[in-house]
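# Coordinate analysis (summary)
Okay, here's what each chain looks like letter by letter:
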Amino acid sequence: MGALSVYPVLLCYDLGLGELAFRFLMREQDALHYYSIIALFLLPSLAKNTYLSENALIPGSANPLFSTEDGIEANRFMKGIEAVVGDSIGGSGIDMANFIAQQIEDLGAEVCYHRFLPHSKHFQPLKFFTSTTNDMVIQPNSTDINFGINTIGIVRAPRGDGKEAIVLVTPYNSQRVQSNELLSLALGFSVFSLLSRAAWLSKDVVWLSADSQFGEYAAVSAWLNQYHNPVFLSHTVTLDTKIYGANHRYDGSSEKKGFKSFKRAGTMAAALIFKVGETRRHGDRDSVMMYAEASNGQMPNLDLLNVIHYLAVHRQGFRVNIAAFSSLLSSAWLRVIAEIFHTLGSVLRKINPDWKLDIMVPDYVEGTANLANSMYNQALGVPTGSHGAFRDYQVDAVSLEFLPTFHVKNENAKSLFLLRGGRLIEGVVRSVNNLLEKFHQSFFLYFLTAPSKFISVGVYMIPFALLLAPLPIVAAALADGRSMEKMVDLVDDSKADGSADILQSKSGSWKWLQAAKVLLVIQLWAVLVSLIPYYITQIPDCTPMQSALIWIMLSIIILIALYVMFGSPYSAGVEWKLLKATMITSISIGLGLMSIINFATAQLGALIVIPMSLFSRPLKASGMNFLPRAVLLASNVALAVLGFPPAMLLIMKGLSKGSWIVDIGDFWVWMEFLWEWSSATYLYIFLVHLPCWLLCINVLLHPCHQPGEAKMKQE
Amino acid sequence: MAIRHYWPTAAAAVGFRLVLVLFGGDLHLASRPEVSTPLTSLRRLAEGYWLKQASMSPYSGSMYHGSPLLLSVLGPLTNSRPDGHHAHVYCSLIFVAVDFLAAMLIRATGQKLQTARNRSLKSLDLTKALSNTVNISAGDVASLIYLWNPWAIVTCVGSCTSPIENLMVVIMIYGACSRLAPLAAFGYAMATHLSLYPAILIVPVILLLGYGPDAPPPKVFLLKGSSASKSDVPDNDKTIRLRGVQQFSWKPVLHFIFWLFIWTCYVLLLSSVVLNKVGGFHDMFEKTYGFILTVKDLSPNIGVLWYFFAEVFDFFRSFFLIVFNMNIIFMVLPLAIRLKHRPCFLAFVYTAIVAILKSYPSVSYSLFALYLGLLGLFANELAEMQFTFFLFFGYIGVSLLSPVMHNLWIWRGTGNANFYFATGLAYTCLQTVLIVESVSSMIKHDRKLRLLVTS
């Protein structure tokens, strides 16, 4: 099929359609940018309803077994743990862990502890790409006082082979215990106790009550790291038995030694993180917030979200929400756009009833707010919760935050809530339990516009493709150094006297080498700039402001040094058109790469980088009328300012918070946030965006008196 | 026109490699499918060496598929592991030296080609006509491309044995260019022993030994001779010009064949000494040449065969094995006829074709590392090549895309095999464009010379 599809293309080429397309793209390169923005705003109306792809999941097919007795069990657990928290004054962490472990043991399930240290800050921008996550597990030794304890309970499946597991996570802060966290622990325990009696389980169930005193993510990722990277060294085994000294206080007997060592179940099929949030006063129904974005825009398989949404809405009567940009919900301009799209959509609907683009105005506004948040979180590349830690091990995971509308003291409402929440989690576990393979049927690449509406990769690629389409063509036209009309003339000439054309030595085909050299020097600079923070972080007691200043100073010094070593871009006499051609090519490579790693970053980045590069033209270049030239100059300067990362950050901050105070330290803090989470966005900013910006500045300041230029004018 | 700062740049390249080897830490390059193949992986070599030390055949199991000679040369070095360095630091140091040697030989070959080119242009009276075009020292360019090629550096640092294979190919071409039959025969015997595919380079080597280095086509000399005979030029001068047309001389070719026989026997003898008591020739040929020809390992690499043979029905397998292996042979004769006056360029084209069609390609074997270096040898002739901008950035784009796609497929789980295969396909297309463009611009160059002579 692939080979066959070449023929229509060749045919089109023969008919001159290729040339037409070329001319069209050359003429429309600016317009395509607007089309792509329009397409971007159309996305909410193009969102489809989610559907279950994997038939094995059959959510809600079995009656839930979670009954009021389990609710009572949860209440008993909650009373018990409240008593433990009340009794202990200082470090309630160990006591709570011991209580949970005791309860799990009473159920007949296996139990173990996991001690971990808080995550230290590291400069690790490349961690995402170094495929193996085999960091050595850092074990806390006896001198550390400040450590967290996770308690892990494991139910072995009566019908399984122990090769797969489902993970339930309930985070709680052992240092500052709150009643809603205790409620989520109780919910987790009651579901776990039900599952320990279930005869239908074919996958092991792991319940991790994660000590979130250093953050949820740190606890879960430390546990996952140890789970996936067993230590085989002989001396650490002896260490291991000493390490879990915490439970010596619990029973002190040596017969329970086996129960302290780290325990594992099979590979994880899915993970569900749930917690009960603060009580919400408004709203008629209890609702569930769903968080799914993991590091670098990775999402869990859509089927997992579908199962949760289906069970929560259609079985247990929860309202399911996803995070949204609340400022967009009330914005007037978005409402106007929504009205326009609605009117256009209803006109189109009359033309063809199959075009269902007439989305209702509130739906559109909400969809846009959700979509904007979804895109922003994916583009940032930082996980929105501890499910991100699972995704690093290719486990599909999602965080649920229950938002009850009742007060915690209200026993009636609480037991009803426990019943519904327990049934929801049981149903999800039951569905995942049915799976025979990894989640693979549904989408991995999507944006959510509502809990039950998504935009798949095939649709959201369109605005990006529209943005990217003119780049290779413009680059080719610029690299060739002749306009289309002249090329056609040349072809005609060469037909007339072919031999003369051969004799006429062009030697122009390697002229771009100088421009490529400039590009390589600037890329080298960018790599060095992106690595400097590693050394700056080694300086002790450095305020963000100082660090940022050192960073900027070093960058400028390195740039000057490189220009001295390899010659400045203008000394070699590079034509600005070639410089622009190499810049555009490098951008299309960079954006293409980034769109694969993290699409949202590429999409948002392209909106700035592409106009900046396409409009760039030397300030001194002549050959245009006054008005267009002035407009072009102004837009050039504006885009160059907008394209500088710190300036952009300032503008973003100003728009979102309304404070326009210049603080360079903010930039450092922001970057630190990105590299700590090993977000690819950091690499994008420094290896794609920054070199492009510098090249753009180089083009803008180009002196424009080249011998080649002069020759061309003579022709 | 010599390259400014040649030696500092070359030294910087070597220094850069040394820094990466000594202080780069473990970069995990050896596990990258782009860098090491089942044939060249140093980890497999260490395994083979271990088996041999345990008095077993190094070819037992399916780990090792390389030459027995490499086992005894590099094997002992894989055993010792100095503190604070990655496992194969000694081998990598050897590869740095090997790369430098190869670069120097490429430079010497380039100088030989340059002198030959200048001589033939002089005999055609074309030095003035071509003086306005670029005239750079091709050897310097080629060796610098080889030294600074990122993929050559990655290969050198990434613990795989392909730098040695590359060196053997370069030795062969250098020996043939300078008409040193024993050296050329040594290079040929070793290169063929190590990876089989250089066997087809026998055509350019014999042409090089017979006719001498690249020259304009004989027709041009004949035209020059006839145009000169029309005018009144002394007979003496005419004979000098006609001498530009090289006659095929059999003597170095026979020398070469004699030495080839000796070297082949010697290599086989050494192999049998190494394999003494632990294995026989049958085992060796089956696990090296047989492994190459029957494409048994279908783990992903940057080529296209793994995907194809993973998909193909079993009963068609033998047929397609024959088709794909014959594909290389099919190209040999037509190209040899068309380019027989430029044997060195012919060697480059063959290497590039092998790089596309070989069963376990990596960036290290001839692919990027070697043939881009060889391409530099023809910098003057290919000055008017088309699509160079597209090719350059295409190569950069594909070589960045390929690891990302691999990561997406193997580690993230959000991609699939087609993602990675697509980059392999794109890469093969780029190579095809490169070969087609370079051959056509070389032919165009020859036509230009002819037109210059007649006008």
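Residues numbered from 1 in each chain as written. Chains lettered and ligands numbered in written order. Predicted model: local features only at pLDDT ≥ 70, side-chain atom pairs only at ≥ 80, totals over all residues.

Keep this limit in mind: UniProt positions are given in the numbering used here, feature names are shortened, and annotations may be inferred rather than shown by experiment.
Where an unreviewed UniProt entry is consulted, chain B appears under the name GPI transamidase subunit PIG-U, with the organism given as Paspalum notatum var. saurae. Recorded under Subcellular location (unreviewed entry), the UniProt text for chain B is reproduced unchanged: "Endoplasmic reticulum membrane". Under the UniProt heading Sequence similarities (unreviewed entry), the note attached to chain B is "Belongs to the PIGU family."

Labelled according to an unreviewed UniProt entry, chain A appears under the name GPI transamidase component family protein / Gaa1-like family protein, originating from Paspalum notatum var. saurae.

### Some points on the sheet that holds strand S9 (residues 396–403) of chain A
Residue and element names in this part refer to chain A. Worth spelling out the cut-off: Note on pairing: two strands pair once DSSP finds at least 2 bridges between them. We count a stretch as a helix when DSSP gives it H or I for four or more residues in a row; a strand needs E for two or more, and each element gets its number in order from the N terminus. Orientation is described by axes fitted as lines to C-alpha atoms, over the contacting stretch for helices, and by angles from 0 to 180 degrees between their N-to-C directions.
The strand order S2-S3-S5-S4-S6-S9-S7-S8 describes an open sheet built from eight strands, whose pairing is mixed. The sheet is open, and its two borders are formed by strand S2 (110–116) and strand S8 (319–322), each paired with just one other strand. Between one strand axis and the next, the sheet turns by 25° as a mean value, whatever way the strands run. Here eight bridges tie strand S4 (residues 164–172) to strand S5 (residues 204–211), and the two strands are oriented parallel to one another. Following the sheet pairing, Ile166 is matched in S5 by Val205.

### Focus on unusual backbone geometry
All names here are of chain A. Counted only if it meets this: Three classes are used. A residue is buried when 20 or more other C-beta atoms lie within 10 Å of its own, exposed when 12 or fewer do, and partly exposed in between, with C-beta atoms placed from the backbone.
Unusually for a residue other than glycine, Ile58 sits at a positive phi of about 25°. Relative to the helices and strands, Ile58 resides in the loop between strand S1 (48–49) and helix H4 (68–87). By C-beta crowding, Ile58 is classed as partly exposed, having 13 other C-beta atoms within 10 Å. Positive phi, normally seen in glycine, also occurs at Ser678, with a value near 40°. Among the residues examined, Ser678 registers 22 C-beta atoms within 10 Å and is labelled buried.

### Quick word on the pairing of strand S10 (residues 446–450) of chain A
Residues and elements named next belong to chain A. Among the five residues of S10, five are classified as buried, and the element is accordingly described as predominantly covered. Here four bridges tie S10 to strand S11 (residues 453–456), and the two strands are oriented antiparallel to one another. Bridging across to S11, Phe447 finds its partner in Ile455. A loop of two residues connects S10 with S11, the two strands running antiparallel in sequence.

### Examining the confidence of the model for chain B
Going by this rule: Predictor confidence is given residue by residue as pLDDT, running from a minimum of 0 to a maximum of 100.
Of all residues in chain B, 89% attain a pLDDT of 70 or more, and the chain-wide mean is 84. With a pTM of 0.85, the predicted complex shows an ipTM of 0.85.

### Some points on the packing of helix H16 (residues 343–357) of chain B against helix H19 (residues 417–454) of chain B
What describes two packed helices is the angle between their axes and the distance between those same axes. Residues and elements named next belong to chain B. The line we're drawing: We call two directions roughly parallel when the angle between them is under 35 degrees, roughly antiparallel when it is over 145, roughly perpendicular when it lies between 65 and 115, and oblique otherwise. A clockwise turn of the near helix away from the far one marks a right-handed crossing, whereas an anticlockwise turn of less than a right angle marks a left-handed crossing. What counts as a contact here is a pair of residues whose C-beta atoms, placed from the backbone, lie within 7 Å. Asp, Glu, Lys and Arg are counted as charged, while Ala, Val, Leu, Ile, Met, Phe, Trp, Tyr, Cys and Pro are counted as nonpolar; the rest, among them Gly, fall into the polar class.
Direction vectors running N to C along H16 and H19 enclose 165°, while the axes themselves pass 10 Å from each other. Overall, the two elements H16 and H19 adopt an arrangement that is roughly antiparallel. H16 and H19 meet at a crossing whose hand is left-handed. Contacts from Phe345, Val349, Ala352, Ile353, Ala355 and Ile356 in H16 reach Thr428, Gln431, Thr432, Leu434, Ile435, Val439 and Met442 in H19. Among the residues forming the contact of H16 with H19, the class breakdown is 10 nonpolar, three polar and no charged.

### Thoughts on the domain arrangement of chain A
Residues and elements named next belong to chain A. Rules: Boundaries of every domain are those given by an automatic assignment or by a domain database.
As far as domains go, chain A holds domain 1 (55–118 + 134–323 + 384–460), domain 2 (324–383) and domain 3 (510–714). If you average the C-alpha positions of domain 2 and of domain 3, the two centres end up 33 Å apart. Tallying the contact residues gives six residues for domain 2 and eight residues for domain 3. Of the residues that constitute the side of domain 2 that touches domain 3, the class distribution is four nonpolar, two polar and no charged.

### Remarks on the pairing of S11 of chain A
Where S1 of chain A and S11 of chain A come together, two bridges link them in antiparallel fashion. Bridge pairing in S11 of chain A links Lys48 of chain A to Phe454 of chain A.

### A short note on helix H9 (residues 302–315) of chain A
Residue and element names in this part refer to chain A. Operational definition: Helix span, expected: 1.5 Å multiplied by one less than the number of residues in the helix.
Along its 14 residues, H9 runs 19 Å from first to last C-alpha, staying within 8% of the 20 Å computed at 1.5 Å per residue. Counted residue by residue, H9 has 11 buried out of 14 residues, so it is predominantly covered. The positive-phi residue at the C-terminal boundary of H9 is Gly317, with phi of around 70°.

### Some thoughts on the sheet that holds S1 of chain A
Residues and elements named next belong to chain A. Across the sheet, three strands lie side by side as S1-S11-S10; this open sheet has antiparallel pairing. Every other strand in the sheet has two partners, leaving S1 and S10 as the edge strands with one partner each. Seen against the sheet, helix H12 (residues 361–380) touches S10 and S11 and runs at an angle of roughly 145° to S10.

### Side note on the UniProt feature "transmembrane region" (unreviewed entry) in chain A
Residues and elements named next belong to chain A. The UniProt feature table records "transmembrane region" (unreviewed entry) at residues 457–479, 548–566, 587–610, 630–651 and 681–701. Its end C-alpha atoms 8 Å apart, residues 587–610 is made of 96% helix and 0% strand. Split by type, residues 681–701 is 95% helix and 0% strand. Its first and last C-alpha atoms lie 28 Å apart.

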